[in-house]
Amino acid sequence: MIFRKHISNLTDGELLENYRKSGNNEYFGELYNRYIPLIYGVCLKYLQHTEQAQDSVMQIFEDLLPKLFNYEIGEFRTWVYSVAKNHCLQQLRKTQREINVDFSTGFMKNDEVLHLFDEEEPDEERMRILKRCLEKLPEHQRTSIVHFFMDEMSYVDIVEKTGFALKRVKSYIQNGKRNLTICIQRSIG
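This section reports on the structure supplied with the text. Here the structure is a predicted model, which is why all the values come from computation and not from measurement. (Residues numbered from 1 in each chain as written. Predicted model: local features only at pLDDT ≥ 70, side-chain atom pairs only at ≥ 80, totals over all residues. Heavy atoms only, no water.)

1. Things to note about the overall build of the chain
Along its length, the chain carries ten helices and zero strands. Moving toward the C terminus, one meets the helices and strands of the chain in the order α-α-α-α-α-α-α-α-α-α. Burial analysis of the chain (189 residues in total) assigns 36% to the buried set. Here the analysis covers contacts within the chain between residues at least 6 apart in sequence; of these, 59% occur between residues at least 24 apart. Carbon and sulfur atoms make up 49% of the accessible area of the chain, which amounts to about 12,000 Å² in all. (Helix = DSSP H or I, 4+ residues; strand = E, 2+ residues; numbered from the N terminus. Buried < 20%, exposed > 50% of the residue type's maximum accessible area, 1.4 Å probe, protein only. Contact = heavy atoms within 4.5 Å. Areas by Shrake-Rupley, 256 points an atom, 1.4 Å probe, with all protein chains shown as cover.)

Below, the structure written as structure tokens:
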């Protein structure tokens, strides 16, 4: 009983270090129990089925044990979130399901901009125009556009990387794309 109270007072870092040193599953169990709601929430968000999410939580638990010895973990919460997210994305890839993304109305207008980003080797003049127009965008729009089109990041990834709100990211991309189109059309025409 005293051991249990002692374990519950340890920080995530202390639990992780004690588990690595001793191999005692009690330390890992306490650490994992703290983050089951987070892991389950991530799994449910991506997989969208209760049973699959529950199975994934158990699978992640089993997969984490050996990984804890092989990885340098700064903050456990951030690391376990990434592990859970990656696990779910792998599950979705296996079943070839697509992740539903709510594209706002009018998002796919003005295909010229998309075409510039999709070309494997656009000519120098078009790249110069694109770079110049990107530089003219407000910082938030430019950052969101570059992450979305060039880095091929999802809305959620952009939110995590930048700290922008999801609605703001969608707005920055939509407005940035419109502003880019106007700039490119002026430069070309």
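After presenting the structure, the write-up continues.
2. Observations concerning the state of the cysteines
If you walk through the whole model with that rule in mind, you get one disulfide. Covalently, C133 is tied to C183 through a disulfide, its sulfur atoms 2.1 Å apart. As the torsion about the S-S bond is roughly -80°, the C133-C183 disulfide counts as left-handed. Here C133 is found in helix α7 (residues 124–136), whereas its partner C183 is found in helix α10 (residues 166–188), with 50 residues between them in sequence. The exposure class of C133 is buried, given its relative accessible area of 1%. Classification of C183 by relative accessible area gives buried; the value is 11%. You can see C43 has no disulfide; the closest cysteine sulfur is in C88, sitting 3.5 Å from it. Since its relative accessible area comes to 0%, C43 is described here as buried. (Disulfide = S-S within 2.5 Å.)

3. Remarks on helix α3 (residues 25–47)
Over its 23 residues, α3 runs only 28 Å from end to end, short of the ideal 33 Å by more than 12%, given 1.5 Å per residue. Every buried residue of α3 is accounted for by Y27, F28, G29, E30, L31, Y32, Y35, I39, V42, C43, Y46 and L47. Where α3 ends, the next residue or the one after it, Q48, has phi of about 60°, a positive value. (Expected span 1.5 Å × (residues − 1).)

4. With respect to the pattern of salt bridges
Summed over all chains, the structure comprises six salt bridges. For D157, the salt bridge goes to K85, with nearest N and O atoms at 2.4 Å. Of this pair, D157 sits in helix α9 (residues 155–162) while K85 sits in helix α5 (residues 76–94), and the two are 72 residues apart along the sequence. Two residues, K85 and E160, come together in a salt bridge whose shortest N-O distance is 3.5 Å. Taken as a pair, K85 in helix α5 and E160 in helix α9 lie far apart in primary sequence, 75 residues in all. Of the residues examined, K85 reaches a relative accessible area of 11% and is grouped as buried. In the salt-bridge network here, residues are joined through shared partners; they are D12, E30 and R34. (Salt bridge = Lys/Arg side-chain N within 4 Å of Asp/Glu carboxyl O.)

Note that all results are geometric; they support no functional claim without further evidence.
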